[in-house]
Amino acid sequence: MTRITVTQPLLPPLEEFIPYLQRIWDTRILTNGGQLHQELEAALCAHLGVSHLSLFTNATTALMAAVQVLGLKGEVITTPFSFVAGAHALRRANVQPVFVDVEPRTLNIDPSLIEGAITPRTTAIMAVHCYGNPCAVDAIQAIAERYGLQVLYDAAHAFGVCIDGRSILHAGDLSVLSFHATKVFNTFEGGAIIAPDAATKARIDQLKNFGMKDEVTVDEVGLNGKMSEVHAAFGLLQLRYVDEAIEKRATIARHYRQALSRVRGIECLPDGHQDIPNHSYFPVRVRPDYPLSRDGLYEMLRARDIYARRYFYPLITDFPAYQTLPRGNAATLPVAVHAAREVLCLPIHPALTHDDLVRVIDAITHPLHGSQ
Ligand SMILES: *Cc1c(COP(=O)(O)O)cnc(C)c1O
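Residues numbered from 1 in each chain as written. Predicted model: local features only at pLDDT ≥ 70, side-chain atom pairs only at ≥ 80, totals over all residues. Heavy atoms only, no water.

Asks: Please set out the sheet that holds strand E12 (residues 266-268) residue by residue, giving values where relevant.
Replies: One open sheet accounts for 3 strands, arranged E12-E13-E14; its pairing is antiparallel. Sheet topology places E12 and strand E14 (343-346) at the edges, where each strand pairs with a single neighbour. Each strand of the sheet is rotated relative to its neighbour by a mean of 35°, with strand direction disregarded. Packing against the sheet, helix H8 (residues 242-260) makes contact with E12, strand E13 (282-286) and E14, and its axis sits at approximately 20° to E13. Sitting on the sheet, helix H9 (residues 294-303) is in contact with E12, E13 and E14, with an inclination near 25° to E14. (Pairing = 2+ DSSP bridges. Helix = DSSP H or I, 4+ residues; strand = E, 2+ residues; numbered from the N terminus. Axes fitted to C-alpha atoms, helices over the stretch in contact; angles between N-to-C directions. Contact = heavy atoms within 4.5 Å.)

Rendered as structure tokens:
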């Protein structure tokens, strides 16, 4: 039996990568916004339907730059049901994350809880489009405008997601994508900030290049967030395959949804209201009427060489650096605490075969049959 993993990176045929590498060898330009970097920014803008995008080495660096560009300080309202990178980006800038609970349906920030967490020190809302399901962006925007707050979206899961034909990446003041190996679209490591206008993109581009305006002028405390030409080249190649990969994910998601609807105690998270989903994850909730707990199911699958992922688990508020913050406790975050205990992300990726899928569904449907 082969191992089934929760995800597998999309890797186009190696020989198709060689011509891109040849271009790098020919020009001897390896980084610093070379030709391939420029081409990938343009190609991604066209693919995603946005106008201003800055590539980064990874989403974490991009989030750090976004926090700086927006000038965030004091407190920022966010959720604990996310990957820790966003909270780290705030803390590294001396900003205090204030955690509010998520909605039970989408596991995105619950807009009805935001106002109660606003203080005179609040400068922004940082929300995550969890599993690529869009946040309640209109409700969040209305609150932000009422209180003069900025909105930063961690859109690491939201590659290509649209609502009413329009990219979700237009929501808020800035959005950050991740192109990490585990994501729907990857450049090995990589990320991007989507900016609303050319001036903001120029500022971001300067910041990611040490804050250098020109050879002899450093305007601010920047960082090195530049994506290399090799990574950009891989992105250009990958972009030719990503739609097909998302199609395959959609087929897998349909199969799961249909087969698991018959399994008592397993509840698929609802599809979001997006008209272009990316099926980046396939989360299910393991309810009390399933014969095993979530961790029991996770372990049983591992025993059958099927690697699902408890994601997100633990909550950010369970990590020592975040435990002691105000509101960072279980009593104020019941929905997130419950989700972190119940949610399991099932294997979904374009290389998952029909036999693999049958094996996963069979194991979940007959959890007590033993592995062989
Ligand atoms: C993957 C991920 C990140 C971090 O992305 P990197 O590119 O690995 O730095 C941040 N936030 C969320 C929600 C993620 O899933």
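What follows picks up the thread again.
Asks: Please give an account of the sheet that holds strand E8 (residues 174-178) that cites residues and values.
Replies: Strand order in this open sheet of 7 strands is E1-E9-E8-E5-E4-E2-E3, and the pairing throughout is mixed. Two strands bound the open sheet, and with one partner strand each, they are strand E1 (52-56) and strand E3 (96-99). Adjacent strand axes in the sheet meet at a mean angle of 25°, parallel and antiparallel pairs treated alike. Bridge count between strand E2 (residues 75-78) and strand E4 (residues 122-128): 3 bridges; the pairing is parallel. Residue pairing across strands places Val76 opposite Ala124, the latter belonging to E4.

Asks: Please set out the site of the ligand residue by residue, giving values where relevant.
Replies: With respect to spatial proximity, 14 residues lie near the ligand, and among them Thr60, Asp154, His157, Ser178 and Lys183 are the closest. Ala59 places a polar main-chain atom, nitrogen or oxygen, 2.9 Å from an oxygen atom of the ligand. A total of 390 Å² of accessible area belongs to the ligand in isolation, and the protein chains cover 94% of it. Per-class residue counts for the shell around the ligand are 5 nonpolar, 7 polar and 2 charged. (Near = heavy atom within 4 Å. Polar contact = N/O pair within 3.5 Å; in protein donor to acceptor, adjacent residues only side chain to side chain. Areas by Shrake-Rupley, 256 points an atom, 1.4 Å probe, with all protein chains shown as cover. Nonpolar A, V, L, I, M, F, W, Y, C, P; charged D, E, K, R; others polar.)

Asks: Now, about the pattern of salt bridges: what can you tell me, with residues and values included?
Replies: When the charged atoms of two side chains lie near each other, side chains of opposite charge can form a pair. Per the stated rule, a full pass over the model turns up 17 salt bridges. In this structure, Arg146 and Glu115 form a salt bridge, with 3.1 Å as the shortest nitrogen-oxygen distance. Of this pair, Arg146 sits in helix H5 (residues 137-147) while Glu115 sits in the loop between E3 and E4, and the two are 31 residues apart along the sequence. Judged by its relative accessible area of 53%, Arg146 falls in the exposed class. For Glu115, a relative accessible area of 34% puts it in the partly exposed group. Across the pair Arg257 and Asp271 runs a salt bridge whose closest N-O atoms are separated by 3.4 Å. Within this pair, whereas Arg257 is found in helix H8, its partner Asp271 is found in the loop between E12 and E13, the two being separated by 14 residues in sequence. Judged by its relative accessible area of 42%, Asp271 falls in the partly exposed class. (Salt bridge = Lys/Arg side-chain N within 4 Å of Asp/Glu carboxyl O. Buried < 20%, exposed > 50% of the residue type's maximum accessible area, 1.4 Å probe, protein only.)

Asks: So what about helix H11 (residues 334-342)? Which residues, and what values?
Replies: Those residues of H11 that sit buried are Ala336, Val337, Ala339, Ala340 and Glu342. Considering only its buried residues, H11 is in contact with E13, H9 and E14.

Asks: Could you give me a rundown of the domain arrangement of the protein chain, with the residues and numbers involved?
Replies: As assigned here, the protein chain comprises domain 1 (12-237) and domain 2 (241-365). The centre of domain 1, based on its C-alpha atoms, is set 24 Å off from the matching centre of domain 2. The partner domain 2 presents 39 residues to the 44 residues of domain 1 that form the contact. Together domain 1 and domain 2 conceal approximately 3,600 Å² of surface at their shared face, both sides included; 62% is due to carbon and sulfur atoms. Per-residue buried area on domain 1 facing domain 2 is highest for Phe99, Tyr131 and Val184; these three make up 20% of the total on that side. Scanning the region where domain 1 abuts domain 2 turns up 0 salt bridges. Counting the contacts that link domain 1 with domain 2 gives 19 residue pairs in polar contact (both at pLDDT 80 or more). If you list the elements that add at least two residues to the side of domain 1 that touches domain 2, you get helix H4 (85-92), E3 and strand E6 (162-163). Top contributing element to the side of domain 1 that touches domain 2 by residue count: E3, with 4 residues. Of the residues in the side of domain 1 that touches domain 2, the class split is 26 nonpolar, 11 polar and 7 charged. (Domains from an automatic or database assignment. Buried area = accessible area lost by both parts, 1.4 Å probe.)

Asks: Run through the pairing of E1, naming residues and quoting values.
Replies: Counting buried positions along E1 yields 5 of 5 residues, so the element is predominantly enclosed. Neither face of E1 is open: one carries His52, Ser54 and Phe56, the other Leu53 and Leu55, and all of them are buried.

Asks: Lay out the environment of Val98 with the relevant residues and their values.
Replies: Checked against the element boundaries, Val98 lands in strand E3. In the structure, Val98 is positioned 74 residues away from Gly172 in sequence and 18 Å away in space, judged by C-alpha atoms. Discounting chain neighbours no more than four positions away, the residues touching Val98 are Glu75, Val76, Ile77, Thr78, Ala117 and Arg327.

Asks: Can you explain the nonpolar core? Please cite residues and give values.
Replies: One finds Leu40, Leu44, Leu53, Ile140, Phe159 and Phe179 to be the most contacted residues of the largest nonpolar core, which totals 55 residues. With 6 residues, the single largest contributor to this core is helix H7 (residues 229-239). No fewer than three residues from each of domain 1 (12-237) and domain 2 (241-365) sit in this core. Setting aside chain neighbours within four positions, we find Phe159 in contact with Leu44, His47, Leu48, Leu177, Phe179, Phe185, Leu239, Val242 and Asn278. Counting 28 residues, the second-largest nonpolar core is a separate cluster that includes Tyr290, Leu344, Leu346 and Ile361. (Core = buried A, V, L, I, M, F, W, Y, C linked by side-chain atoms within 4.5 Å.)

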